[in-house]
Amino acid sequence: MAPVDAHLEELTLAYLDRHFFGIKADTAPWRGRELLAGLRKQQRAVEAFAASGEAEGSDVHNVLTRLARIIRSLEQEESDHLEAERKRNLLRGWHRGKWGAMGHEEKREVIAQVLTSVVVLPIPEGVSDKAPFDPTLLRVSWREDVTTT
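Residues numbered from 1 in each chain as written. Predicted model: local features only at pLDDT ≥ 70, side-chain atom pairs only at ≥ 80, totals over all residues. Heavy atoms only, no water.

1. Some thoughts on the environment of Glu-56
Phase 1 of the analysis: Mapping Glu-56 onto the fold places it in the loop between α2 (33-51) and α3 (57-88).
Phase 2 of the analysis: For Glu-56, a relative accessible area of 56% corresponds to the exposed category.
Phase 3 of the analysis: Put simply, Glu-56 and Pro-124 are 68 residues apart on the chain and 83 Å apart in space, counted from C-alpha to C-alpha. (Helix = DSSP H or I, 4+ residues; strand = E, 2+ residues; numbered from the N terminus. Buried < 20%, exposed > 50% of the residue type's maximum accessible area, 1.4 Å probe, protein only.)

2. Here's the deal with the confidence of the model for the chain
Phase 1 of the analysis: When the pLDDT values of the chain are averaged, the result is 87; 97% of them are 70 or greater.
Phase 2 of the analysis: Of all the helices and strands in the chain, helix α4 (residues 96-101) carries the lowest mean pLDDT, 88, while α2 carries the highest, 93. (pLDDT = per-residue confidence, 0-100.)

3. Overview of the layout of surface pockets
Phase 1 of the analysis: Approximately 290 Å³ is the volume found for the largest pocket.
Phase 2 of the analysis: Forming the walls of the largest pocket are 16 residues, and the residues nearest its centre are Ile-123, Pro-132, Phe-133, Asp-134 and Leu-137.
Phase 3 of the analysis: Its residues assigned to classes, the lining of the largest pocket comprises 13 nonpolar, one polar and two charged.
Phase 4 of the analysis: When its volume is computed, the second largest pocket comes out at roughly 240 Å³.
Phase 5 of the analysis: Residue lining of the second largest pocket: Asp-5, Leu-8, Glu-9, Thr-12, Trp-99, His-104, Lys-107, Ile-111, Leu-115 and Val-118, and that is the complete set.
Phase 6 of the analysis: Top element by residues in the lining of the second largest pocket is helix α1 (residues 2-20). It accounts for four residues.
Phase 7 of the analysis: Among the residues making up the lining of the second largest pocket, the classes are represented as five nonpolar, two polar and three charged. (1 Å grid on protein atoms, 1.4 Å probe; cavity = no way out; pocket = protein on both sides within 12 Å on 5 of 7 lines; lining within 4 Å. Points joined across faces, edges and corners; volume = space filled by probe spheres on them. Nonpolar A, V, L, I, M, F, W, Y, C, P; charged D, E, K, R; others polar.)

4. Remarks on the packing of aromatic side chains
Phase 1 of the analysis: For the structure shown, the criterion picks out two aromatic pairs.
Phase 2 of the analysis: Ring geometry for Tyr-15 against Trp-142: centres 4.5 Å apart, planes inclined by 5°, an arrangement best described as stacked. Linking Tyr-15 in helix α1 with Trp-142 in strand β2 (residues 138-142), this pair joins segments that are 127 residues apart in sequence.
Phase 3 of the analysis: Looking at Tyr-15, the relative accessible area reads 7%, which means it is buried. (Phe/Tyr/Trp six-rings, centres within 6.5 Å; stacked < 30°, edge-to-face > 60°.)

5. A word on the pattern of salt bridges
Phase 1 of the analysis: Counted under the stated rule, the structure contains nine salt bridges.
Phase 2 of the analysis: Arg-96 is the salt-bridge partner of Glu-10, the closest N and O atoms lying 3.0 Å from each other. Taken together, the residues span a long stretch of sequence, with Glu-10 in helix α1 and Arg-96 in helix α4 at a distance of 86 residues.
Phase 3 of the analysis: For Arg-86, the salt bridge is made with Glu-83, and the minimal N-O distance between the two is 2.8 Å. Taken together, the residues Arg-86 and Glu-83, both in helix α3 and three residues apart, mark about one turn of the helix. (Salt bridge = Lys/Arg side-chain N within 4 Å of Asp/Glu carboxyl O.)

6. Details of the packing of α2 against α3
Phase 1 of the analysis: Look at α2 against α3: their axes get within 10 Å of each other, and the N-to-C directions meet at 155°. What the angle tells us is that α2 and α3 run roughly antiparallel. Here the hand of the crossing between α2 and α3 comes out left-handed. Here Leu-35, Leu-36, Leu-39, Arg-40, Gln-42, Gln-43, Val-46, Glu-47 and Ala-50 of α2 come into contact with α3, specifically with Val-60, Val-63, Leu-64, Leu-67, Ala-68, Ile-70, Ile-71, Leu-74, Glu-75 and Glu-78. (Axes fitted to C-alpha atoms, helices over the stretch in contact; angles between N-to-C directions. Parallel < 35°, antiparallel > 145°, perpendicular 65-115°, else oblique. Left-handed = near helix turned anticlockwise from the far one by under 90°. Contact = heavy atoms within 4.5 Å.)

7. Re the environment of Asn-89
Phase 1 of the analysis: Among the structural elements, Asn-89 can be located in the loop between α3 and α4.
Phase 2 of the analysis: Expressed as a C-alpha distance, the spacing of Asn-89 and Ala-25, which sit 64 residues apart in the sequence, is 5.6 Å.
Phase 3 of the analysis: Residues contacting Asn-89, with those up to four places away along its chain left out, are Ala-25, Asp-26, Thr-27 and Lys-98.
Phase 4 of the analysis: Polar contacts involving the side chain of Asn-89 include one to the side chain of Thr-27, which spans 3.5 Å. (Polar contact = N/O pair within 3.5 Å; in protein donor to acceptor, adjacent residues only side chain to side chain.)

Structure follows, in structure tokens:
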């Protein structure tokens, strides 16, 4: 399996070099940044007001609970946005140094974005299963729309 993996890795890297080298990453800003900052500021103001002793604890508690719930929801939305942008830009700005820095899961994401399938053909009759690796026994299918991701 190691020769198959090495061959497929080299094919993938050559494909990425050819199709994605020099394409700039394009990260869209998250639309809720100002709203989240404003809510955090409001939360700190309510906490300061409660600490001053000028408000009823139950009133402040309800406001803080609602603010915390909205803030958590917006933080999750921001996290989801950042992850979607990371995936969208995974192949942009490609250079081979990125591959060595990627973990196993990230490499799997890259491969899934460029390959649709790999079929390993059976060893032809009369050829020993101890014969050297023959890359012609691999049928690789590439995604056609990968450059639009």
